[in-house]
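Chain residues, written in single-letter form:
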Amino acid sequence: MPAVTRDDVEWVDDDEALGEIFCLTFVKRVDEAEALSRLGALPDTLRRRTVQEAHRAHGSYEAGYAELAFALNLGDWTVLIEPDGFQGSLIELLTALSRGTEAVSVQRHDYADHGFGYAVDGTLVTGFEPTWPDRRWGSEPDRLLEQMRAAGLNPDAEDDYVSGAYVEALLLAGLITGAVPRPDALAGALPSAEIEPWFSAASPPLSHGPADPEMVAALRAAPPHLLRAVAARETMRLATVLGLDGTPGLAEAVAAAGRGEPVTVSPGSELGVHVRSWLRRARQAGRSLNDPCARSEMSDDERDAAFMLGWFTDALHAALWPEPHAAARAALRPLTQGPPLLHDPEQEAALLRVLRGEPGPK
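Heads up: these notes are all about the structure in this document. (Residues numbered from 1 in each chain as written. Predicted model: local features only at pLDDT ≥ 70, side-chain atom pairs only at ≥ 80, totals over all residues. Heavy atoms only, no water.)

Turning next to the side chain of Glu-168. For Glu-168, the position within the fold is in helix H5 (residues 166-177). The buried category is assigned to Glu-168, whose relative accessible area is 10%. (Helix = DSSP H or I, 4+ residues; strand = E, 2+ residues; numbered from the N terminus. Buried < 20%, exposed > 50% of the residue type's maximum accessible area, 1.4 Å probe, protein only.)

A separate point is the packing of aromatic side chains. Within the structure shown, the criterion is met by four aromatic pairs. Relative to Tyr-65, the ring of Tyr-61 has its centre 6.1 Å away and its plane inclined at 85°; by these criteria the two rings are edge-to-face. Comparing Tyr-61 with Tyr-65, the two get one shared label, buried. Ring geometry for Trp-278 against Phe-312: centres 5.5 Å apart, planes inclined by 75°, an arrangement best described as edge-to-face. One end of the pair, Trp-278, is in helix H9 (residues 270-287); the other, Phe-312, is in helix H10 (residues 300-319), with 34 residues separating them in the sequence. Classification of Trp-278 as buried rests on a relative accessible area of 6%. Accessibility expressed as a relative area gives 1% for Phe-312, which makes it buried. (Phe/Tyr/Trp six-rings, centres within 6.5 Å; stacked < 30°, edge-to-face > 60°.)

This part is about the sheet that holds strand E9 (residues 190-194). Across the sheet, which stays open at both edges, the nine strands sit in the order E2-E9-E3-E4-E1-E5-E6-E7-E8 with antiparallel pairing between neighbours. A single partner strand is all that each edge strand has here, and the edge strands are strand E2 (47-49) and strand E8 (136-137). Sheet topology note: the strand E6 (residues 115-120)/strand E7 (residues 123-128) ladder contains five bridges and is antiparallel. Bridging across to E7, Phe-116 finds its partner in Phe-128. The strands touched by helix H2 (residues 51-58) are E2, strand E3 (68-73) and strand E4 (77-83); relative to E3, the strand with the most contacts, the crossing angle is about 160°. The sheet contacts of H5 involve strand E1 (21-28), E4, strand E5 (102-109), E6 and E7, and relative to E5 the element is tilted by about 165°. (Pairing = 2+ DSSP bridges. Contact = heavy atoms within 4.5 Å. Axes fitted to C-alpha atoms, helices over the stretch in contact; angles between N-to-C directions.)

In this structure, Ala-151 sits in helix H4 (residues 145-151). Between the alpha carbons of Ala-151 and Leu-190 there is a distance of 29 Å; along the sequence they are 39 residues apart. Residue contacts for Ala-151: discarding those within four places in its chain leaves Glu-168, Leu-171, Leu-172 and Leu-175.

This next bit is on H9. In a regular helix each residue adds 1.5 Å, so 18 residues correspond to 26 Å; H9 covers 26 Å between its end C-alpha atoms and thus fits that length. Every buried residue of H9 is listed here: Leu-271, Gly-272, Val-275, Arg-276, Trp-278, Leu-279, Ala-282, Arg-283, Gln-284 and Ala-285. In the core, the buried residues of H9 are packed alongside helix H8 (250-258) and H10. (Expected span 1.5 Å × (residues − 1).)

To continue, consider the pattern of salt bridges. Under the definition given, this model contains 18 salt bridges. Of the charged contacts in the structure, one is a salt bridge between Arg-6 and Glu-10, with a shortest N-O distance of 2.9 Å. The class of Arg-6 is partly exposed, set by a relative accessible area of 35%. In this structure, Glu-102 engages Lys-28 in a salt bridge whose closest nitrogen and oxygen atoms are separated by 3.5 Å. With Glu-102 in strand E5 and Lys-28 in strand E1, this pair connects stretches of sequence that are 74 residues apart. (Salt bridge = Lys/Arg side-chain N within 4 Å of Asp/Glu carboxyl O.)

Moving on to H5. The end-to-end C-alpha separation of H5 is 16 Å, in line with the 16 Å expected for 12 residues at 1.5 Å each. Across the 12 residues of H5, 11 count as buried, placing the element largely inside the fold. What H5 keeps buried is the set Tyr-166, Val-167, Glu-168, Ala-169, Leu-170, Leu-171, Leu-172, Ala-173, Gly-174, Ile-176 and Thr-177. Contact partners of the buried residues in H5: E1, E4, E5, E6, E7 and H4.

Attention now moves to a nonpolar patch on the surface. On the surface, Ile-91, Trp-137 and Leu-206 cluster together into a nonpolar patch covering about 290 Å² of accessible area. Along the polypeptide, Ile-91 turns up in helix H3 (residues 91-97). On the basis of relative accessible area, Ile-91 is assigned to the partly exposed category, the value being 35%. (Patch = residues over 30% accessible without salt bridge, like charges linked within 9 Å, V, L, I, M, F, W, Y side chains within 5 Å. Areas by Shrake-Rupley, 256 points an atom, 1.4 Å probe, with all protein chains shown as cover.)

Moving on to the packing of helix H7 (residues 224-241) against helix H11 (residues 324-331). The geometry of H7 relative to H11 is characterised by a closest axis approach of 8 Å and an angle of 30° between their N-to-C directions. Overall, the two elements H7 and H11 adopt an arrangement that is roughly parallel. Here the hand of the crossing between H7 and H11 comes out left-handed. Counted together, Pro-224, Leu-227, Arg-228, Ala-231, Glu-234 and Thr-235 of H7 and Pro-324, His-325, Ala-327, Ala-328 and Ala-331 of H11 form the full contact between these two elements. (Parallel < 35°, antiparallel > 145°, perpendicular 65-115°, else oblique. Left-handed = near helix turned anticlockwise from the far one by under 90°.)

So, about the environment of Val-120. Position of Val-120 relative to the elements: it lies in strand E6. Taking the relative accessible area as the measure of exposure, Val-120 reaches 26% and is therefore partly exposed. Residues Val-120 and Ala-96, spaced 24 residues apart in sequence, show a C-alpha to C-alpha distance of 9.6 Å.

What follows covers a negative patch on the surface. Taken together, the side chains of Asp-300, Asp-301, Glu-302 and Asp-304 make up a negatively charged region of the molecular surface. Relative to the helices and strands, Asp-300 is located in helix H10. (Lys, Arg positive; Asp, Glu negative; His and termini not counted. Charge placed at Lys NZ, Arg CZ, Asp CG, Glu CD.)

Taken together, the three bridges between E2 and E9 define a ladder with antiparallel strand orientation. Paired with Arg-47 across the bridge in E9 is Ser-192. Alignment of E3 against E9, held across three bridges, turns out to be antiparallel. The partner of Phe-70 across the bridge, within E9, is Ser-192.

Written out as structure tokens, the structure reads:
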């Protein structure tokens, strides 16, 4: 197999190819359908599309600002292509994609940070922002030093700014995988799907959780059964506050998770359909603020209500997660850091007492 060279990757610097924001994630020995599924593909949206269709859907209020991903077979690897997207660059998604295999992610984002990540069997091995290749993290931040140098990324130069470093990052990915997509492969229709990472195997975001040191300490010390019970209790409190507690299947799923039983909500289930509608509404609320053609589609009250749905779906996802500490930590975020409607100091104090095993007030 011919080695990947810079000539094979320079096309990503052309804004006409994928644009100023995209993510390419390579997954080893996983076919297109499975790769899309791991990213949270909605089965009823699977079909062949063009990249131009994805751009239009991502910018459309009526389409719910849908996030789409394409899958392209490269031999031993499948590459997931997210025009306007970045999900594969997130640690939680990248590590989920890598379970039982390997995954490499390259992110271009001209208005935030570029990114590179290499994960093996559920662990981030090496991650860095290609613009500053000397700043690395992961279980083995120095694993790829030789390949980085070969790709033109100097891992030793402190504060050495590399302009347009996503090109070198894609070359680094190519040196690992032995293959990169060609621009002509993107000209036609490819297998694709709308993605909702809520339905993927990714854990709750690692950054989510209470900031108060007392609550953090109590969560660390509490036994697993209590953490699951607290996550379930708090999620149903939020559901009641938002008038969602009567949603079919919700109470049963949360209660089962609270007992430590595995719970899977499929996108086509009755509860899954509601979750999809909540996620879509929350996405419309946020992205329409930057869409002059759609900003007036929601009133202020409607937008506020939609944002609450986003907070709730995050908490619900956390409460259903099987690892109790991560579940409780993320499920308590609306209570401890959320907007006034969801934040309840009295309930926070009560949960802190429960976690500590203290009696409630008389």
